[in-house]
Amino acid sequence: MRQIKRQRLPLLLPRMFQGELYVQHPLKKRSHLGYPFFHTTGTEHKQVHAAAKAAMAPETFNPFPSFSYTGPLRPVYPLTPRRSVPETIPKPEWADTAQGIPHQEQTRAAQTIKILSAKEQDIMREVCRLGREILDITAAAVKPGVTTDELDAICHKATVDRNAYPSPLNYRKFPKSLCTSVNEVICHGIPDGRKLEEGDIINLDVSLYYKGFHGDLNATYPVGEVDEDSKRLIKTTREALDAAIAICKPGALFRDIGNTIEPIAKANGCSVVRQYTGHGCNQLFHTVPTLPHYAKSKTPGTMKPGMTFTIEPMINLGTHQGVHWPDDWTCTTVDGKRSAQFEETLLITETGVEVLTRAR
């Protein structure tokens, strides 16, 4: 955080002089204490305090002024300090480490798709139900004038209120509890001081750790009234996800997820992001299977009862390609056009699929 130079602040400290209220003012003569002053009314006094408060507020800034942004969105720093989590809440391995590395995701055991027991499936149902509650609470606050950091605060509180840990917090050093991806941001936007504007779209990506398991879901929302292209983008993305979910059942090919999604995107003049995929989600936040959302991938494997994983297509109005901001997280479209995403965590059952994070 940049410091404000002392000499730039106005001299506005209140003083009492002979029973009357005075404040400093740089254009008036100095008192016997060396402070300049003038007489002020109560209304003026309030105005002076308001000015002083504004002058002492942290200065906002763009941390990457020389970066070639692809669209109009800019980060608004400084970020607020990392939000605390009560010591009584169980935490994932990266929560209190310097680098936030998920070591268990890198083990050999993590390369085998896990089949959950009936008891483990019940825990996943519970954690995913809580995740849906948290997303709905956070989304209810979306409106023009709200900052993405304020949405992060709402998400964080809703998570810890449920005795859960926000999985993104310090995961590979991600600084917040929620991903907020606005307009041309494809994914992993960091909540900051930018206020949402009428006509924006925003994706809220909620993940939580509860009873040793992770739940993961997201959705894209309009901010007020949005243009027709944004409406088409959001509708297309939701339809593509729902169609992909519909093919899930024991014996279904993982590669058919992308074979289902991409034709829907193309038919609506959109493209499918290739840089990010769906993933296994259970005791590990991100694990196998890795599930591309584009067609004609060579992804091996079939779905089996007891598997839990996400499908989370990212659909763009323009090209499928993305570029990262220097924060190493925020990925935006290379052409600055808008992107939308929806995500659900699924359980393959004996007879089909259960959407664990479904809206209720």
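One can find the structure itself at the top, above this paragraph.
What comes next concerns the included structure. (Residues numbered from 1 in each chain as written. Predicted model: local features only at pLDDT ≥ 70, side-chain atom pairs only at ≥ 80, totals over all residues. Heavy atoms only, no water.)

Some thoughts on the overall build of the protein
Then, number 1: Check the secondary structure of the protein and you find 5 helices and 18 strands.
Then, number 2: Residue burial in the protein is summarised as follows: out of 360 residues, 51% are buried.
Then, number 3: When the accessible surface of the protein is split by element, carbon and sulfur atoms take 54% of a total near 17,200 Å². (Helix = DSSP H or I, 4+ residues; strand = E, 2+ residues; numbered from the N terminus. Buried < 20%, exposed > 50% of the residue type's maximum accessible area, 1.4 Å probe, protein only. Areas by Shrake-Rupley, 256 points an atom, 1.4 Å probe, with all protein chains shown as cover.)

Details of the sheet that holds strand β16 (residues 339-341)
Then, number 1: Taken together, the 3 strands give an open sheet; going across it, the order is β9-β13-β16, and neighbouring strands pair in antiparallel fashion. Taken across any chain shown, the strands that pair with only one partner, and hence form the sheet edges, are β9 (271-272) and β16.
Then, number 2: Note: strand β13 (residues 314-316) against β16, 3 bridges, orientation antiparallel. Residue pairing across strands places asparagine 316 opposite serine 339, the latter belonging to β16.
Then, number 3: In this fold helix α4 (residues 228-246) packs onto β13 and β16, with an angle of close to 35° to the strand it touches most, β16. (Pairing = 2+ DSSP bridges. Contact = heavy atoms within 4.5 Å. Axes fitted to C-alpha atoms, helices over the stretch in contact; angles between N-to-C directions.)

A look at the side chain of histidine 279
Then, number 1: Within the fold, histidine 279 resides in strand β10 (residues 278-280).
Then, number 2: A distance of 3.1 Å separates a polar atom in the side chain of histidine 279 from a polar atom in the side chain of glutamate 312.
Then, number 3: The contact partners of histidine 279, leaving out residues within four places of it in the chain, are Asp216, Phe285, His286, Thr287, Pro289, Leu291, Phe309, Thr310, Glu312 and Glu343. (Polar contact = N/O pair within 3.5 Å; in protein donor to acceptor, adjacent residues only side chain to side chain.)

Overview of the sheet that holds strand β15 (residues 331-333)
Then, number 1: Judged by pairing direction, the sheet is antiparallel, and its 3 strands sit side by side in the order β6-β15-β14 without closing on themselves. With partners counted over all chains shown, the strands left at the sheet margins are β6 (185-187) and β14 (322-324), one partner each. Ignoring which end each strand starts from, the neighbouring axes of this sheet average 45° apart.
Then, number 2: Taken together, the 2 bridges between β6 and β15 define a ladder with antiparallel strand orientation. Paired with cysteine 187 across the strands is cysteine 331, a residue of β15.

Some details on the environment of leucine 135
Then, number 1: In this fold, leucine 135 is placed in helix α2 (residues 118-139).
Then, number 2: Overall, leucine 135 belongs to the buried group, its relative accessible area being 0%.
Then, number 3: On a C-alpha basis, the gap between leucine 135 and aspartate 205 in space is 7.8 Å, while along the polypeptide they are 70 residues apart.
Then, number 4: Apart from the residues within four sequence positions on either side, leucine 135 is in contact with Leu204, Val206, Leu217, Asn218, Ala219 and Tyr221.

Side note on the pairing of strand β7 (residues 201-210)
Then, number 1: Counting buried positions along β7 gives 10 out of 10 residues, so the element sits mostly inside the fold.
Then, number 2: Every second residue of β7 is oriented toward a common face, with Ile201, Asn203, Asp205, Ser207 and Tyr209 on one face and Ile202, Leu204, Val206, Leu208 and Tyr210 on the other, all of them buried.
Then, number 3: Of the strand pairs in this sheet, strand β4 (residues 165-166) and β7 are connected by 2 bridges, and their pairing is antiparallel. Note on β7: the bridge partner recorded for tyrosine 165 is tyrosine 209.
Then, number 4: The sheet contact formed by strand β5 (residues 179-182) and β7 spans 4 bridges and is antiparallel. Counterpart to serine 181 in the pairing with β7 is asparagine 203.
Then, number 5: Between β7 and strand β8 (residues 213-222), which pair antiparallel one after the other, the connecting turn spans 2 residues, and lysine 211 there sits at a positive phi close to 55°.

Re the environment of valine 226
Then, number 1: Among the secondary structure elements, valine 226 is positioned in the loop between β8 and α4.
Then, number 2: A residue is classified by how much of its surface remains accessible, and valine 226, at 9% relative accessible area, is buried.
Then, number 3: Residues valine 226 and aspartate 200, 26 residues apart in the sequence, show an inter-C-alpha distance of 6.7 Å.

Some thoughts on the side chain of asparagine 203
Then, number 1: Relative to the helices and strands, asparagine 203 is located in strand β7.
Then, number 2: A polar side-chain atom of asparagine 203 sits 3.0 Å from a polar atom in the side chain of asparagine 218.
Then, number 3: For asparagine 203, the side chain forms a polar contact with the main-chain oxygen of alanine 219, separated by 3.2 Å.
Then, number 4: For asparagine 203, the residues in contact, after removing those within four places along its chain, are Cys179, Thr180, Ser181, Asn218, Ala219, Thr220 and Gln341.

A few points about the nonpolar core
Then, number 1: Counting 81 residues, the largest nonpolar core has Leu151, Ile202, Leu204, Phe309 and Ile311 as its most contacted members.
Then, number 2: Each residue touching leucine 151, except ones within four places of it in the same chain, is listed here: Thr138, Ala141, Val142, Val146, Leu178, Leu196, Ile202 and Leu204.
Then, number 3: If you look at the next biggest cluster of nonpolar residues, it comprises 6 residues, including Cys187, Tyr276, Met314 and Cys331. (Core = buried A, V, L, I, M, F, W, Y, C linked by side-chain atoms within 4.5 Å.)

A short note on the packing of aromatic side chains
Then, number 1: Per the counting criterion, the structure on display carries 9 aromatic pairs.
Then, number 2: Centroid distance phenylalanine 174 to tryptophan 329: 5.1 Å. Interplanar angle 85°. Geometry classified as edge-to-face. Of the two residues, phenylalanine 174 is situated in the loop between β4 and β5 and tryptophan 329 in the loop between β14 and β15; the sequence distance between them amounts to 155 residues. Summarising the burial analysis for this pair, phenylalanine 174 and tryptophan 329 share the class buried.
Then, number 3: By way of ring pairs, the aromatic residues Phe61, Phe64 and Tyr77 are connected into one cluster.
Then, number 4: Above the plane of the ring of tyrosine 294 lies arginine 274, whose end atom (NZ or CZ) is 4.3 Å from the centre. (Phe/Tyr/Trp six-rings, centres within 6.5 Å; stacked < 30°, edge-to-face > 60°. Lys NZ or Arg CZ within 6 Å of the ring centre and 35° of its normal.)

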